[in-house]
Amino acid sequence: MFQHLQAYAGDPILSLVETFNRDPREHKVNLSIGIYFDDAGCLPLPEAVRAAQTQQPVQAQPYLPMEGHAAFRAAALRVLLGNEHLVLQQNRAVAVQTLGGSGALKLAADFLKRWYPQSRAFVSDPTWDNHRGILEGAGIEVGTYPYYDPDTIGVRFAELTQFLHTLDSGDIVLLHPCCHNPTGVDLSPEQWDEVLHIIQSRRLIALMDIAYQGFGDDFDRDAYAVRKAADMGLSFFVSSSYSKNMSLYSERVGILAAVCPNAEQAERVLGQLKFGVRRIYSSPPFHGADIAARVLNESSLHRQWQNEVYAMRDRIKRMRRQLHDALSQRLPQHDFRHYLTQRGMFGYTGLNEHQVQRLQDEFAVYLLKSGRLCMAGLNSRNIEYVARAIATVLQE
Ligand code: PMP
């Protein structure tokens, strides 16, 4: 019966993690997957999240409604838009609880395919691999827009804006508001203003994907693009994940938010998103969203959590600095400044596939083939070793 099935080649990131897990070398270092580890190399649970979890009584739960946990959805919208944003006061923003950021993207993709069947989607070149997978999986044609410039280790901004001008009205543009995955290279506020104005004037549909809020500058500044788009009166979507910043990876906690022209249309969008949920998995799980709701809605826990995320952010920045310094010391003729300027969990090292393979084969240091390095996998015990390994493959 299943003879005609093709074998699944495996997901490039998840397969690499499996290879890493099987690697018997004790000094191995996993810098491939986007997970935050602390300086001891452990997956930490923020104390605020732990406290919220211990408050949670264990009891039978009925199904949540299709749109999910009300207190979580409302609080998560405030994290995105700020507490007082006009679109919240005017009931023009709606949110559906989703299975992490991926679930939000899937729900958005299905919604967009249904209601904008002619629209193509454009993702940054490069982007998180699964963006293409999720959009194509919903039947949307996917192209790329110019983004990363390996020569300047910045954004090909002129090409990006020129390209956006060529798109058709209704085309979808997937944007990373902060901590671009995989490059760590973000737009400045001025660049966001320009991009959003083109999106508005050409009537493009912005689908923003924010999976690292708090890891760039802070929760407010990382949401600059989201709030600016709302200020400008744009209608757009945001997928938001709490996997990383609450360390709730396996609980699958996220939202899909939509900012709409008025409350009546917002209600209609919410209705169609609920319909979308019903057709895929009917209703989301309770446990993780309830923990997140407690953290976000209790002001002392909220503050504590934010500070814990900032401590993670600062540790990553320290790792960036130490890697930069260690590499610069070994190879003073090389420019490693991009390790300092890139933001969020990831850095684009500029290492080629051959060099990445050598890191894996000779040093048991695992990066993605693209040269993406997860800074949050570095710690005070492995950083010198990783620097030595990178310097070696760069030299030969
Ligand atoms: N978007 C981006 C840019 C991501 O990096 C990730 C996680 N790696 C996701 C979405 C998916 O988030 P989640 O793990 O919550 O599904």
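Reading guide: rules and limits
Residues numbered from 1 in each chain as written. Predicted model: local features only at pLDDT ≥ 70, side-chain atom pairs only at ≥ 80, totals over all residues. Heavy atoms only, no water. Helix = DSSP H or I, 4+ residues; strand = E, 2+ residues; numbered from the N terminus. Rg over C-alpha atoms; globule rule 2.2 N^0.38 Å. Buried < 20%, exposed > 50% of the residue type's maximum accessible area, 1.4 Å probe, protein only. Contact = heavy atoms within 4.5 Å. Areas by Shrake-Rupley, 256 points an atom, 1.4 Å probe, with all protein chains shown as cover. Lys, Arg positive; Asp, Glu negative; His and termini not counted. Charge placed at Lys NZ, Arg CZ, Asp CG, Glu CD. Expected span 1.5 Å × (residues − 1). Polar contact = N/O pair within 3.5 Å; in protein donor to acceptor, adjacent residues only side chain to side chain. Arc of directions from axis to C-beta. Disulfide = S-S within 2.5 Å. Near = heavy atom within 4 Å. Nonpolar A, V, L, I, M, F, W, Y, C, P; charged D, E, K, R; others polar. Salt bridge = Lys/Arg side-chain N within 4 Å of Asp/Glu carboxyl O.

**Q** Hey, could you run me through the overall build of the protein chain in this one?
**A** For the protein chain, the count of helices and strands is 15 helices and 13 strands. Taking 2.2 N^0.38 as the reference for a compact globule, 396 residues should give roughly 21 Å; the C-alpha atoms of the protein chain span a radius of gyration of 21 Å, in line with that estimate. Once the C-alpha set of the protein chain is aligned to its principal axes, its extents read approximately 60 × 55 × 55 Å. Buried residues in the protein chain amount to 56% of all 396 residues. Contacts spanning at least 24 positions in sequence make up 75% of the contacts within the protein chain whose residues lie at least 6 apart. Counting every atom, the protein chain has about 17,700 Å² of accessible surface; 50% of that belongs to carbon and sulfur. A gap of 3 Å separates the mean positions of the 40 positive and 43 negative side-chain charges of the protein chain.

**Q** Just to check I follow, could you spell out helix H15 (residues 383-395) for this structure?
**A** For the α-helix, the turn length of 3.6 residues means that residues three or four positions removed from each other point alike. Under the 1.5 Å per step criterion, the end-to-end length of H15 is 18 Å for 13 residues, consistent within 8% with the ideal 18 Å. Burial in H15 covers these residues: Ile383, Tyr385, Val386, Ala387, Ala389, Ile390, Ala391, Thr392 and Val393. Turning to H15, the residues buried within the fold contact strand S1 (29-30), helix H12 (299-330), helix H13 (338-341), helix H14 (353-363), strand S12 (365-366) and strand S13 (372-374).

**Q** Just to check I follow, could you spell out the side chain of Ser32 for this structure?
**A** Considering the arrangement of structural elements, one finds Ser32 in the loop between S1 and helix H2 (47-55). Looking at Ser32, the relative accessible area reads 0%, which means it is buried. Those residues in contact with Ser32 that lie beyond four places of it in its chain are Leu16, Val17, Tyr366, Leu367, Leu368, Arg372 and Cys374.

**Q** Before we go on, may I ask you to explain the environment of Glu136 in this structure?
**A** For Glu136, the position within the fold is in helix H6 (residues 129-137). Judged by its relative accessible area of 41%, Glu136 is partly exposed. Taking the C-alpha atoms as reference, Glu136 lies 10.0 Å from Lys106; in sequence the two are 30 residues apart.

**Q** Looking at this model, I keep getting lost on the environment of Ser124. Mind explaining?
**A** By the element assignment, Ser124 lies in strand S3 (residues 121-125). Along the sequence, Ser124 and Tyr212 sit 88 residues apart, while their C-alpha atoms lie 17 Å from each other. Residue contacts for Ser124: discarding those within four places in its chain leaves Tyr145, Tyr147, Leu174, His176 and His180. In terms of polar contacts, Ser124 uses its side chain to reach the backbone carbonyl oxygen of Pro126, at 2.8 Å. A distance of 2.9 Å separates a polar atom in the side chain of Ser124 from a polar atom in the side chain of His180.

**Q** Explain helix H10 (residues 263-280) here, please?
**A** End to end, H10 covers 26 Å across 18 residues, agreeing with the expected 26 Å (1.5 Å per residue, within 8%). Those residues of H10 that sit buried are Ala266, Val269, Leu270, Leu273, Gly276 and Val277. For H10, the buried positions fall inside an angular range of 115° around the axis, keeping them on one side. Along H10, exposed side chains directed more than 90 degrees from the buried face belong to Glu267, Arg268, Arg278 and Arg279. Where H10 is buried, its residues meet helix H3 (70-81), strand S2 (93-98), helix H5 (100-115), strand S9 (236-241) and strand S10 (254-259).

**Q** In this structure, what is going on with the state of the cysteines? I would like to understand it.
**A** A disulfide bridge is the covalent bond that connects two cysteines by way of their sulfur atoms. Enumeration over the complete set of coordinates arrives at 0 disulfides. Of all cysteine sulfurs in the structure, the one in Cys179 sits closest to Cys178, which takes part in no disulfide; the separation is 3.9 Å. Cys179 supplies the cysteine sulfur nearest to Cys374, a cysteine that is in no disulfide, at a spacing of 12 Å. The buried category is assigned to Cys374, whose relative accessible area is 1%.

**Q** What's the story with the site of the ligand in this structure? I'm lost.
**A** Surveying the vicinity of the ligand reveals 13 residues, the closest of which are Ser102, Asp209, Tyr212, Ser241 and Ser243. In this structure, Gly101 approaches the ligand through a main-chain N or O atom, which is 2.8 Å from an oxygen atom. At a separation of 2.7 Å, an oxygen atom of the ligand approaches a polar side-chain atom of Ser241. Tallying contributions element by element places H5 first for the shell around the ligand, with 3 residues. Partitioning the shell around the ligand into residue classes produces 3 nonpolar, 7 polar and 3 charged.

**Q** What is the right way to read the environment of Asp325 from this model?
**A** By the element assignment, Asp325 lies in helix H12. Taking relative accessible area as the criterion, Asp325 reaches 35% and is therefore assigned partly exposed. A sequence separation of 11 residues divides Asp325 from Phe336, and the C-alpha atoms of the two residues are 8.5 Å apart.

**Q** Explain the pattern of salt bridges to me, please; I cannot follow it from the model alone.
**A** Should the charged atoms of two oppositely charged side chains come close, the side chains can pair. For the structure shown, the criterion picks out 20 salt bridges. With a closest N to O distance of 3.5 Å, Asp325 and Arg321 form a salt bridge. In this pair, Asp325 and Arg321 are both assigned in helix H12, 4 residues apart and thus about one turn of the helix distant. For Arg321, a relative accessible area of 42% translates into the label partly exposed. A salt bridge links Arg337 to Asp335, with the nearest nitrogen and oxygen atoms 2.6 Å apart. A relative accessible area of 54% means that Arg337 is categorised as exposed. Beyond isolated ion pairs, a larger network of salt bridges with shared partners links Arg120, Asp168 and Asp171.

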